[in-house]
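Structural overview for review
Chain by chain, the residues:
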Amino acid sequence: MKLRWIKTHWIIKKLFSNYIWDIPNNENKIYLTFDDGPTPEITNWTLNQLEHYQAKATFFCIGDNLRKYPEIYQKIIKKGHAVGNHTFNHLKGWKTKTADYIENAKLFESELNKISITKCNLFRPPYGKIKPSQSKILRNEGYKIIMWDVLSADYDQSISPEECLENVIQNCKSGSIIVFHDSIKGFKNLEYVLPRTLEFIKEKGFVCEVLN
């Protein structure tokens with residue numbers, strides 16, 4: 001059995017208060033996020049679902065995918081969504097030297113600068129694994145370290161789509177940052193979960209906003 005936080009415990013949020021886990025508010029705002037794209041077909045499908053429900057989201061992109069699919073990035077921005085840095089090669093911070101990790105994050109910046117004049121100030125560490133030294137440097141560079149309040153676990157192919165949906169709808173509340181993946185590995189669950197999540201959000205009167 002895999003150990004993971006579906007709903008991030010308040011103690012974790014307090015211990016790592018330099019990271020953003022949620023954005024409490026009284027306006028029923030929640031924050032959908034998508035990691036590891038852009039991915040052909042899947043990211044486009046995701047954008048169509050969001051547009052159908054008039055929902056905005058933040059996409060934490062891998063720099064190498066930006067290099068391969070700049071036109072999808074442009075579509076994300078054109079439709080009013082936000083983009084964050086997810087490193088260039090999806091590095092696990094705990095297993096990467098700090099200098100190498102920071103260099104990889106800057107490779108993302110370099111790639112983004114080729115296709116956009118917009119500066120990115122959002123960073124999500126792949127796997128949620130980041131050393132304090134890496135976090136400190138990135139925060140000093142002006143990045144906000146974005147974690148999550150609710151993990152859908154859509155990337156886990158051992159769980160059913162129904163379980164994945166329950167992970168989200170049983171745990172989200174106003175202010176929640178929710179993680180999905182617009183990736184090949186996650187699509188089996190995402191295809192089932194995202195439209196039903198968006199329908200749930202609509203029924204409950206939540207408003208999906210971008211992170212900034």
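All of the points below concern the structure found in this document.

The rules behind the values
Residues numbered from 1 in each chain as written. Predicted model: local features only at pLDDT ≥ 70, side-chain atom pairs only at ≥ 80, totals over all residues. Heavy atoms only, no water. Helix = DSSP H or I, 4+ residues; strand = E, 2+ residues; numbered from the N terminus. Rg over C-alpha atoms; globule rule 2.2 N^0.38 Å. Buried < 20%, exposed > 50% of the residue type's maximum accessible area, 1.4 Å probe, protein only. Contact = heavy atoms within 4.5 Å. Areas by Shrake-Rupley, 256 points an atom, 1.4 Å probe, with all protein chains shown as cover. Lys, Arg positive; Asp, Glu negative; His and termini not counted. Charge placed at Lys NZ, Arg CZ, Asp CG, Glu CD. 1 Å grid on protein atoms, 1.4 Å probe; cavity = no way out; pocket = protein on both sides within 12 Å on 5 of 7 lines; lining within 4 Å. Points joined across faces, edges and corners; volume = space filled by probe spheres on them. Phe/Tyr/Trp six-rings, centres within 6.5 Å; stacked < 30°, edge-to-face > 60°. Lys NZ or Arg CZ within 6 Å of the ring centre and 35° of its normal. Axes fitted to C-alpha atoms, helices over the stretch in contact; angles between N-to-C directions. Parallel < 35°, antiparallel > 145°, perpendicular 65-115°, else oblique. Nonpolar A, V, L, I, M, F, W, Y, C, P; charged D, E, K, R; others polar. Left-handed = near helix turned anticlockwise from the far one by under 90°.

1. Regarding the overall build of the protein
- Each helix and strand in the protein was counted, giving 8 helices and 8 strands.
- Against the globule reference of 17 Å for 212 residues, the protein gives a C-alpha radius of gyration of 16 Å, in line with a compact fold.
- With the principal axes as the frame, the protein shows a C-alpha extent of 45 × 40 × 35 Å.
- Buried positions account for 52% of the 212 residues belonging to the protein.
- Expressed as a percentage of contacts within the protein between residues at least 6 apart in sequence, the contacts between residues at least 24 apart total 76%.
- Entry remark: accessible area of the protein is about 10,600 Å², with carbon and sulfur atoms responsible for 52%.
- Across the protein, the centroid of the 30 positively charged side chains sits 5 Å from that of the 24 negatively charged ones.

2. Considering the layout of surface pockets
- Taken as a whole, the largest pocket spans an internal volume of roughly 1,100 Å³.
- Listed by contribution, the elements that provide at least two residues to the lining of the largest pocket are helix H1 (10-15), helix H6 (132-140) and strand S7 (177-181).
- Considering each element in turn, the lining of the largest pocket owes the most residues, 3 residues, to H6.

3. Digging into the packing of aromatic side chains
- Counted by the stated rule, this structure contains 7 aromatic pairs.
- Between the aromatic rings of Phe-16 and Tyr-19, the centroid separation amounts to 5.9 Å while the plane-to-plane angle is 10°, which identifies the pairing as stacked.
- Classification of Phe-16 as partly exposed rests on a relative accessible area of 41%.
- Relative to Trp-21, the ring of Tyr-19 has its centre 6.4 Å away and its plane inclined at 45°; by these criteria the two rings are tilted. Summarising the burial analysis for this pair, Tyr-19 and Trp-21 share the class buried.
- Chaining the aromatic ring pairs together yields one cluster made of Phe-16, Tyr-19 and Trp-21.
- Above the ring of Tyr-127, the side-chain terminus of Lys-92 is found at 4.7 Å from the ring centroid.
- Positioned above the aromatic ring of Tyr-192 is the side chain of Arg-196, whose terminal nitrogen or guanidinium carbon lies 3.8 Å from the ring centre.

4. So, the packing of helix H2 (residues 42-52) against helix H4 (residues 70-78)
- With their axes 10 Å apart at the nearest point, H2 and H4 run at an angle of 10° to one another. Relative to H4, the element H2 is oriented roughly parallel. Across the interface between the two elements, Thr-43, Asn-44 and Leu-47 from H2 touch Ile-72, Lys-75 and Ile-76 from H4.
- Of the residues that constitute the contact of H2 with H4, the class distribution is 3 nonpolar, 2 polar and 1 charged.

5. Quick look at the packing of helix H5 (residues 98-115) against H6
- H6 packs onto H5 with a crossing angle of 40° between their chain directions and a minimal axis gap of 9 Å. Comparing the axis directions of H5 and H6 gives the class oblique. Like other packed secondary-structure pairs, H5 and H6 cross with a definite hand, here right-handed. Of H6, the residues touching H5 (which contributes Thr-98, Tyr-101, Ile-102 and Ala-105) are Ser-133, Gln-134, Ile-137 and Leu-138.
- Across the contact of H5 with H6, the residue classes tally to 5 nonpolar, 3 polar and no charged.

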